Each structure stands twice: as structure tokens, then as C-alpha cells.
Amino acid sequence: MPEGHTLHRLAKAHHKYFAGGVVRVSSPQGRFAAGAALVDGRTLVRAEAWGKHLLHHYDSGLVVHVHLGLYGTFTESAVPLGDPVGQVRMRMVGAGRSDGPLYGTDLRGPTACEVLREPEVAALTARLGPDPLRRNADPDRAWQRIRRSTRTLGALLMDQTVVAGVGNVYRAELLFRHGISPQRRGRDLTALEWDELWTDLVELMRVGVRRGKIVVVRREHDRGAPSYAAGKPRTYVYRRAGEPCRVCGATVLHAVLEGRNLFWCPTCQPG
């Protein structure tokens, strides 16, 4: 599943390509036909991301909400677009800007693609925890949840109502970088540790936005074992179960926590 930095990159790209101009919106697959008709021919005011949610705000006050889920993808290209390939849920084509080339994008396989009104958007974002990539994010909101919780940090960091935008890779790698066991209870984390985790998370995710990929391994440890798969980020523990830790050489462990795969080093992350 794409993590928060991917959605923020998409929001930046869609704002650049489409905001300020008329957008033609369609649903070649048909499943979003009614929603597309509501915003087709309207001007896109802005695109933004909240955690793993992408929001397109139109001048009519309607908002297209997209959650990519496990399989959703956008593909962008210059206009004219060819015939739709595969199950295209939503097609957007810029149609009203004269200050540069026009673009189009096709959305396939999302978990959610729907039209919301502003009160519904407000309700959606109110359910989310602070997003490390938003300027007004308040880490204390997350801390107040964490400090009282008996759930593990491994679970809390993946809970989008606690912190929005963190996925399995950032969860595993952030805890490793700070030597914190994913099995430690939230109430056992100190305020200083949380401040350090949040500061590092903000920087890591900003790097992800800038570079378009997750970069978590420090330069002094970026040697030896390759990435867990071609084209994937080099990691300390994520998807490296049974492999030696890049720092201490201990065997990286794996477990399933609340239905998601968990990876950690028992030596670097004791407890």
C-alpha cells in the first residue's frame, strides 16, 4: 500500500497539472460515472493529501476523494491520451489552461473513489491523526493517544487515527532507527522519545516526497546486502526476516501484528 509521501507527491503533481483550469472527468470503467458527471467540466481549485487520502477540490464545492488502497495507481501523460487500457476508474484531462502543456491521468484499482461535500471531508480528516507532511500537524495529538495506550508502538504507528500516512515500511524503519522495540507499549514511551521519533519521521517522509522513494538507511550502514527486491528501497529490517542486521549482524525477526507483517532486530531493538 502506498505510504503518505506517495499521496503528497500525487497531490503536488495534480495541483501542478490541473489546478486553476477546467478538468474533464470521466469513468471509462463506469463505476465512477455518476461521480464523474458531478465534477466534469468544473475548475479544480486545489489538490491536497491527508495521510493516505487524496482530495481534489472543485469550484462547485464538491471534492473527489481517492484512497489507493493496496492496488490503486495513477498514471500521468501529456494530452492527447490514448484509449483507456485496463479498468480505468477515473480519467482526468486538463482542458482549460493556456500556460503550458495539458496533461491527463488515469486512476486504476483504488479502494475509494467518490465525491464528497466539504462537511464530509471535514469529518474524514477529523478522524485522522496528525500527518507529518502537513505544515499544521500537531504531534501532541498523537502523543496524547500514545502515552495512555496499552497497545504496542508497532500497532499505534500503523493506526491512521493516531498518525496519518505511516505505512509498514516507515513503521519498521523508524522504530529500528531509534532502537525501540515494536512490542513496547505506548504508555512506556517517554515524551523525549516521541519528540525524536516525530522529528525523524517528518524528515524521512519529506525526503520521500522530494526523491520519490523511501530512503531510511544511513550512509554508514548502506553497504553489503542489497534491497529486498529489485526497485525497492534498501531497508534495515523491513522484508529482511532471516537476514543479518545491517548494524549488529543479528538475525532480523518477523511476526504478524494486527494482520500486518512486523520486522525488527532483537539486538538493536531490545525489549
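- Taking an unreviewed UniProt entry as the reference, the protein chain is identified by name as Endonuclease 8 1 belonging to Nocardia wallacei.
- The UniProt entry for the protein chain carries this comment under Cofactor (unreviewed entry): "Zn(2+)".

1. With respect to the UniProt feature "domain: Formamidopyrimidine-DNA glycosylase catalytic" (unreviewed entry) in the protein chain
Consideration 1: Listed under "domain: Formamidopyrimidine-DNA glycosylase catalytic" (unreviewed entry) in the UniProt record, and renumbered for this structure, are residues 2-94.
Consideration 2: A distance of 25 Å separates the end C-alpha atoms of residues 2-94, which is 24% helix and 42% strand.

2. Section: the pattern of salt bridges
Consideration 1: A complete count under the given rule lists twelve salt bridges for this structure.
Consideration 2: Residue R91 pairs with D106 through a salt bridge whose shortest N-O separation is 2.7 Å. Here D106 lies in strand β7 (residues 103-108) and R91 lies in strand β6 (residues 88-94), a separation of 15 residues in the sequence.
Consideration 3: Across the pair D106 and R108 runs a salt bridge whose closest N-O atoms are separated by 3.9 Å.
Consideration 4: Residue class for D106 comes out buried when judged on its relative accessible area of 7%.
Consideration 5: Taking relative accessible area as the criterion, R108 reaches 21% and is therefore assigned partly exposed.

3. A word on the side chain of H14
Consideration 1: Structurally, H14 can be placed in helix α1 (residues 4-18).
Consideration 2: Beyond its immediate sequence surroundings of up to four residues, H14 is in contact with A19, L44, A47, L54, H56, F74, E76 and T105.

4. Examining a nonpolar patch on the surface
Consideration 1: A surface patch of nonpolar side chains, about 370 Å² in accessible area, is lined by M1, L70 and Y71.
Consideration 2: Summarising the element assignment, M1 is placed in the segment before α1.
Consideration 3: Overall, the relative accessible area of 39% leaves M1 in the partly exposed class.

Criteria and cut-off values
Residues numbered from 1 in each chain as written. Predicted model: local features only at pLDDT ≥ 70, side-chain atom pairs only at ≥ 80, totals over all residues. Heavy atoms only, no water. UniProt positions renumbered as here; feature names shortened; annotations may be inferred. Helix = DSSP H or I, 4+ residues; strand = E, 2+ residues; numbered from the N terminus. Salt bridge = Lys/Arg side-chain N within 4 Å of Asp/Glu carboxyl O. Buried < 20%, exposed > 50% of the residue type's maximum accessible area, 1.4 Å probe, protein only. Contact = heavy atoms within 4.5 Å. Patch = residues over 30% accessible without salt bridge, like charges linked within 9 Å, V, L, I, M, F, W, Y side chains within 5 Å. Areas by Shrake-Rupley, 256 points an atom, 1.4 Å probe, with all protein chains shown as cover.

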